[in-house]
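Structure assessment
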Amino acid sequence: MTAAQEFKLPQESYRTTQERVYFQVRDAILRGKFLPGCAITIRGLAAELNCSPMPVREALRRLTSERALEVSDTRRVKVPTMTPDKLSEICAARVALECQAAEQALPFVGDEELQQLRRLDEDVTAALTEGDIEAYVTANLEFHFTLYRLGQPHIILSLIESLWLQTAPLQHLVFQRFGMQELPDRHQDLLEAIGAGDAGRVRTAIRQDIEEGLGSISAEELL
């Protein structure tokens, strides 16, 4: 993958270089460019993003405050590693927030929105079938956040995004090591529940999707 593909968002979409750099680095974390324990250098990122060190430094500061990155004892910025306790806590938080976001979105899902979600799920299924990690990560993210945004949960959504940022590098690493053959997919259950307008089933499908996905990561894989 080239740097242009990894950081593919156009600069003209953003008001400032600082804003562009923040969202491009954030997007790269979500899509697994940086794996757990990976050190990130300001000069290296600035060269890849064709900008000065200042907006990179600010982007890394923001992402550190969101817990997507951390500063090591040697003052280097890196992607955090994961512990079983931390993963369990993140899993529980995601279940609570994403169940609420999905239920909040349910009244706003009409026929057009449901068809869009089905098309996005077809992309997820195709990526799983082909074993395409990058396509799967992208399609799965788009599926979930397209649903959550329908309910306009501004505060909840920012918290969900922060939790996804913390787990995305680990999940990508696990996919690279062990493949995606056993990866559970509860999207069909979720789509059927949405079509039926059943809030309880929607919450169950979201909970199972998160718990089975993150719960399948063993303690050995966190090392």
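Residues numbered from 1 in each chain as written. Predicted model: local features only at pLDDT ≥ 70, side-chain atom pairs only at ≥ 80, totals over all residues. Heavy atoms only, no water.

**What to know about empty space enclosed by the protein**
Basically, it comes down to this: For cavity detection a 1 Å grid was placed over the protein atoms alone, and a set of points counts as a cavity when a 1.4 Å probe fits there but cannot get out; an open set counts as a pocket when protein lies on both sides within 12 Å along at least five of seven lines, with lining residues being those that have an atom within 4 Å of a point. Grid points are joined across faces, edges and corners, and a volume is the space filled by probe spheres set on the points. Every helix listed is a DSSP run of H or I at least four residues long, and every strand listed is a run of E at least two residues long, numbered separately from the N terminus. Three residue categories are used. Nonpolar comprises Ala, Val, Leu, Ile, Met, Phe, Trp, Tyr, Cys and Pro, charged comprises Asp, Glu, Lys and Arg, and polar comprises the others, including Gly.
Tallied over the full model, the rule gives one cavity of 30 Å³ or more. In this model, the largest cavity occupies a volume close to 270 Å³. In this structure, the largest cavity is lined by 19 residues; those nearest its centre are Arg94, Tyr136, Asn140, Trp164 and Gln171. Elements represented by at least two residues in the lining of the largest cavity include exactly helix H7 (133-149), helix H8 (154-178) and helix H10 (199-215). The biggest single contributor to the lining of the largest cavity is H8, with six residues. When grouped by side-chain class, the residues that make up the lining of the largest cavity number eleven nonpolar, six polar and two charged.

**Some words on the confidence of the model for the protein**
Heads up, the rule is: Per-residue confidence from the prediction method is given by pLDDT, with values spanning 0 to 100. The contact criterion used is simple: two residues touch if any of their non-hydrogen atoms lie within 4.5 Å.
Overall, the predicted model of the protein reaches an average pLDDT of 87, with 89% of residues at or above 70. For the protein, per-element mean pLDDT is lowest for helix H1 (residues 3-6), which scores 36, and highest for helix H9 (residues 187-196), which scores 96. Low confidence marks residues 1-12, where pLDDT is under 50. Its contacts with residues over four positions away, or in another chain, come to 22 contacts.

**A look at unusual backbone geometry**
Rules: Partly exposed residues are those whose accessible area sits between 20% and 50% of the maximum for their type, while under 20% is buried and over 50% is exposed, using a 1.4 Å probe and protein chains only.
Even without glycine at this site, Arg67 takes up a positive phi of about 70°. Of note, Arg67 is situated in the loop between helix H4 (53-65) and strand E2 (70-71). For Arg67, a relative accessible area of 58% gives the class exposed.

**Some details on the nonpolar core**
If you look at soluble globular proteins, the nonpolar side chains tend to sit buried side by side. Cut-off, in case you're wondering: Among buried residues, the Ala, Val, Leu, Ile, Met, Phe, Trp, Tyr and Cys ones that are joined through side-chain atoms within 4.5 Å form a nonpolar core.
Counting residues in each nonpolar core, the largest one holds 69 residues, and the members touching the most others are Val25, Tyr136, Leu147, Tyr148 and Ile194. No other element matches the ten residues that H8 contributes to this core. Once residues lying within four places of it in the same chain are set aside, the contact partners of Tyr136 are Val124, Ala127, Leu128, Phe175, Met180 and Leu183.

**With respect to the sheet that holds strand E3 (residues 77-78)**
Applicable threshold: Pairing between strands is defined by DSSP: at least two bridges between them are needed.
Pairing within the open sheet is antiparallel, and its three strands lie in the order E1-E3-E2. Across the chains shown, the open sheet's two edge strands, defined by having one partner strand only, are strand E1 (39-40) and E2. As defined by bridge partners, E2 adjoins E3 across two bridges and the pair is classed as antiparallel. Bridging across to E3, Glu70 finds its partner in Lys78.

**What about the pattern of salt bridges?**
Basically, it comes down to this: Here a salt bridge means any side-chain nitrogen of Lys or Arg lying within 4 Å of a carboxyl oxygen belonging to Asp or Glu.
If you walk through the whole model with that rule in mind, you get ten salt bridges. The closest approach of N and O atoms between Glu70 and Lys78, which form a salt bridge, is 3.8 Å. Overall, the relative accessible area of 24% leaves Lys78 in the partly exposed class. Between Glu103 and Arg203 there is a salt bridge, with the nearest N and O atoms lying 2.6 Å from each other. In this pair, Glu103 sits in helix H5 (residues 84-105) while Arg203 sits in helix H10, placing the two residues 100 residues apart along the sequence. Residue class for Arg203 comes out partly exposed when judged on its relative accessible area of 33%. Linked through salt bridges whose partners overlap, the residues forming this network are Arg186, Asp189 and Glu212.

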